[in-house]
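# Results of the structural survey
Okay, here's what each chain looks like letter by letter:
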Amino acid sequence: MTDAAPSAQSAAKRIAQLRSELDEHNYRYHVLDEPSIPDAEYDRLYHELKALEAEHPELITPDSPTQRVGSLALSAFGEVRHEVPMLSLGNAFEEGDLLDFDRRVREGLDLPAGDHSGDLFAEGVDVEYSCEPKLDGLAVSLLYERGQLVRGATRGDGSTGEDISANVRTIRNIPLRLHGSGWPEVLEVRGEVFMSKAGFEALNARQAESGGKTFANPRNAAAGSLRQLDPKITASRPLELCAYGIGRVEGELPQTHIGILQALKGWGLPISRELKLAKGAQQCLDYYRAIGERRETLPYEIDGVVFKVNSLASQRELGFRAREPRWAIAHKFPAMEELTELLAVEFQVGRTGAVTPVARLQPVKVAGVTVSNATLHNMDEVARLGLMVGDTVIIRRAGDVIPQVVQVVRERRPADARAVQVPEQCPVCGSRVERTQLVKRSKGRETLSEGAVYRCVGRLACAAQLKQAIIHFVSRRAMDIEGLGEKSVEQLVDEGLVRSPADLYSLTFEQIVGLEGFAELSSNNLLAAIADSRTPSLARFIYALGIPDVGEETAKLLARALGSLARIQRALPEVLTYLPDVGLEVAHEIRNFFADGHNQQVIRDLLARGIALQEEGELGAEFAACATLEGLLDKLNIAGIAATGARKLAEKGGSLDGVIALSQDWLELSVMKGLNEKAKQALREHFAVPANVERARTIEAQLREFGMHWQSERKAVEGLPLAGQTWVLTGSLEVMSRDVAKDKLESLGAKVAGSVSAKTTCVVAGPGAGSKLAKAQELGLRVLDEAEFLAELSRLG
Ligand code: IVH
């Protein structure tokens, strides 16, 4: 064909254009932290490139953004010799160690002693140091030749590492070719490959879900992900690079460490945002303290900061000692992980009766906090860890979360280590402890399996459950009874004054004033607070009941959608699943809770003591006529009938009765299209059972009664001024608490979300607002400060 050449030519041109555009966007996104286009636009360009390359495979080059994931898995990694050895760093643990380091540097450089006490001349000779966080990941070497990434390697023993080229290519913020110009012919970049805290949490959640291996900490996760023989696996892991130095170089570079890092940044390599220049040891210590204060809120884990003499000439003069440079040091933070002994596993009983294992530990200081207990979550976790009493374990404390046992040190297991045993009787009330069953419903079948959770069957007769239930019932977001702290609840229960939430409403002054910490005034205040709580909103009341899996949001949804306690109590699981975010599991929890005679009694007692629910009545407008016939057929759990089959049936049958009739009409059904024989058979059998017909009709009747039936009248949602809008609250609000602001917005019809996205309508930003505000500005969203927000609320009434 005559036009083959021009078409290949124009394809080559377009390919080059797309690659440089994509590279530019990558650079802005990963290095400058200033995304220039929405993800969707990036994807469009990427797919256009992918399609063009598929048409013209001869134009594919290894540095194309489409060529990150190679298709082959290796059988072993090759060896790489580091021409410039990859060194480690000396450590400073205390201020004194850092001052000693600075002194040695000065001596090595023949500078006067760093005594600032009145020595005016010493001022000018402070050594300049670069300051960077010490990321907790793995050191890698990236070799660029003529701007192309040609090899990636691990540190190994410092002289020989492993060739992990295929894996580093999959890391999104590592450029396959350098950006800009002016780079040396040969440039070996060194840096840390790490996993952010969020990436680590997400990966572990994903792994747990799919039954895969979970990782003890982000470092292990990064190491495990980078050392995969199959680069496809590495590609699916959230790894990142932070460049911190160079190895072999042929060509010109700036003559300071910070200059070099900035040059690397210009060539597309991500460097630390926290990079700073310090003059003298005192400024280094200031940096150490400042980063230390932010340690827990940084998005990645660090184990210290690194100080390096900034001048390369000075670095050369100082040289090396053994395998450590004399010009750099790591100033470490206290470790977040420590070893200790597991003394015992005890079992705690929670609000829903869950009997949870808790590790009692030989007390140990972890990053300045003494830890003597750690959560073990459930018995699956105990099994996963392979934990035995007497084991030496690794304890990890990160952020505000409760300390965790992350690993057992098997080599240190004593001969008399004992297995962890779930008690047969509740340690608090002596009732039976049962293993929960997991009910899985899939087409036509219900399967039971053993759950990881054990439960005490004692309910409110179990003091532990009763106490937790009352603590939850009176809490601020529930019935909001002020003045009743945990200690007082425990006393009320222990004294036998409160045996159920309803008993709170018959407490007398004499009973309260007898409690510890209650004088005349506080007793009267408590009585007043209890009286005030008699008129809760329906949502608060539902939340206060403490139905398993029903948090504040679900409680609000139930109240808003169904409008009355009576309807919520009677709602069938299939009807509940029409509400957004209510899955079958939660629906059954709700149903089981209200079907339970004991719970019914608690609710009757509460109402009998004068609890009067507010805002009861109307069905939520947005749920009117929300159900469909095909949805109902889908929910009936008939083998072989999923969404498409249900739609066909609904079209053909026209109504539930029509479908039931059709299912028994052998001739009609056999000629029906779009449903296979097996499904037809299952349908016939399903509705041949009177109980199944009855069930379907009961669900339909309830949908009709609740106004959710497809023939019900659809009500206008527009009623509320902020209906359909999504708001985000960030930073601290001073006049109005966040909870109140959230309630107000919701009562005006808005959804209040936790994160900012293109779908966000408006962001309310108080002082201290950070990344959410930045993102909102980046997306050009409407942003209000608190005063503007209050004005807006009053305008909306
Ligand atoms: S410089 C000759 N800078 O810490 C200097 N290392 O104990 C060699 N690390 O193997 C390293 N962040 O894996 C340097 N900003 C940083 C670092 C850093 C983390 C790791 C690196 C190295 C180890 C040294």
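Within each chain, residue numbers correspond to sequence positions counted from 1 in written order. The predicted nature of this model means local features are confined to residues of pLDDT at least 70 and side-chain atom pairs, given and counted, to a pLDDT of 80 or more, with totals for whole chains, interfaces and linings taken over all residues. Remark: hydrogens and water are excluded; side-chain values derive from all non-hydrogen atoms of the structure.

Identification of the chain as DNA ligase from Pseudomonas benzenivorans is taken from an unreviewed UniProt entry. UniProt positions are given in the numbering used here, feature names are shortened, and annotations may be inferred rather than shown by experiment. Taken directly from UniProt, the Function (unreviewed entry) text for the chain runs: "DNA ligase that catalyzes the formation of phosphodiester linkages between 5'-phosphoryl and 3'-hydroxyl groups in double-stranded DNA using NAD as a coenzyme and as the energy source for the reaction. It is essential for DNA replication and repair of damaged DNA." Quoted verbatim from the Sequence similarities (unreviewed entry) field of UniProt, the annotation for the chain is "Belongs to the NAD-dependent DNA ligase family. LigA subfamily."

Another point: the pairing of strand β13 (residues 328–332). Burial analysis of β13 places 5 of its 5 residues in the buried class, which makes it a mostly covered element. Throughout, exposure labels follow a simple rule: accessible area from a 1.4 Å probe, protein chains only, divided by the maximum for the residue type, with under 20% read as buried, over 50% as exposed, and the rest as partly exposed. Numbering of helices and strands starts at the N terminus; helices are DSSP runs of H or I of at least 4 residues and strands are runs of E of at least 2. Burial along β13 is two-sided: the face carrying Ala328, Ala330 and Lys332 and the face carrying Ile329 and His331 are both buried. For two strands to be treated as a pair, DSSP must find no fewer than two bridges joining them. Where strand β2 (residues 90–92) meets β13, 3 bridges bridge the pair, whose relative direction is parallel. Residue pairing across strands places Asn91 opposite Ala330, the latter belonging to β13. Examined bridge by bridge, strand β10 (residues 302–309) and β13 share 5 bridges and lie antiparallel to one another. Residue pairing across strands places Val305 opposite His331, the latter belonging to β13.

Next up on the list: the packing of aromatic side chains. Planes of paired rings set the category: under 30 degrees apart is stacked, over 60 is edge-to-face and the rest tilted, where pairs are Phe, Tyr or Trp rings (Trp by its six-membered ring) whose centres lie within 6.5 Å. As enumerated under the stated definition, the model contains 7 aromatic pairs in all. Here, a charge over a ring means that NZ of Lys or CZ of Arg falls within 6 Å of the ring centre while also lying within 35 degrees of the ring normal. A cation over a ring is seen here: Lys635 above Tyr578, with NZ or CZ 4.2 Å from the ring centre.

Attention shifts here to the site of the ligand. Note on terminology: near, applied to a residue and a molecule or strand, indicates that one of the residue's heavy atoms is within 4 Å of it. Around the ligand sit 13 residues, and of these Glu132, Lys134, Glu192, Tyr244 and Lys308 come closest. Here a polar contact is taken to be a pair of N or O atoms separated by no more than 3.5 Å, where protein atoms must pair a possible hydrogen donor with a possible acceptor and residues adjacent in sequence count only if both atoms sit in side chains. Contacts to the ligand include Pro133, whose backbone N or O atom sits 3.4 Å from a nitrogen atom. The protein chains hide 86% of the 520 Å² of surface that the ligand would expose on its own. With 4 residues, strand β3 (residues 128–135) is the single largest residue contributor to the shell around the ligand. For every accessible area listed, the method is Shrake-Rupley and the probe measures 1.4 Å; residues are considered covered only by the protein chains on display.

With respect to the helices and strands, the residue Ser564 is situated in the loop between α17 (552–562) and α18 (565–570). Here Arg567 takes part through its backbone nitrogen, which lies 3.1 Å from a polar atom of the side chain of Ser564. Between two residues, a contact is recorded if the distance between any of their heavy atoms is within 4.5 Å. Sequence-distant contacts of Ser564, defined by excluding residues within four places in its chain, comprise Leu538 and Glu616.

Attention shifts here to the UniProt feature "active site" (unreviewed entry) in the chain. Here the UniProt feature "active site" (unreviewed entry) sits at Lys134. Relative to the helices and strands, Lys134 resides in strand β3. The contact partners of Lys134, leaving out residues within four places of it in the chain, are Leu89, Ile302, Asp303, Gly304, Val305, Val306, Ala330 and Lys332.

A separate point is the nonpolar core. We define a nonpolar core as any set of buried Ala, Val, Leu, Ile, Met, Phe, Trp, Tyr and Cys residues linked to one another through side-chain atoms lying within 4.5 Å. If you look at the biggest cluster of nonpolar residues, it comprises 88 residues, and the most contacted ones within it are Leu504 and Ile542. Residues within four places of Ile542 in sequence aside, it is in contact with Ile547, Val550, Ala555, Leu558, Leu565, Ile568 and Phe594.

As a further point, take the sheet that holds β3. Spatially, 5 strands are ordered β2-β13-β10-β3-β9 in an open sheet, and the strand pairing comes out mixed. Two strands close off the open sheet at either side, each with one partner strand: β2 and β9 (276–279). Each adjacent strand pair in this sheet contributes to an overall mean axis angle of 35 degrees, direction not counted. Throughout, an axis means a line fitted to C-alpha atoms (over the contacting stretch in the case of helices), and angles, computed between N-to-C directions, take values from 0 to 180 degrees. Here helix α8 (residues 257–266) sits on the sheet in contact with β3, β9 and β10, set at roughly 50 degrees to β3. Against the sheet, helix α9 (residues 280–294) makes contact with β3, β9, β10 and β13, and its axis sits at roughly 140 degrees relative to β9, the strand it touches most.

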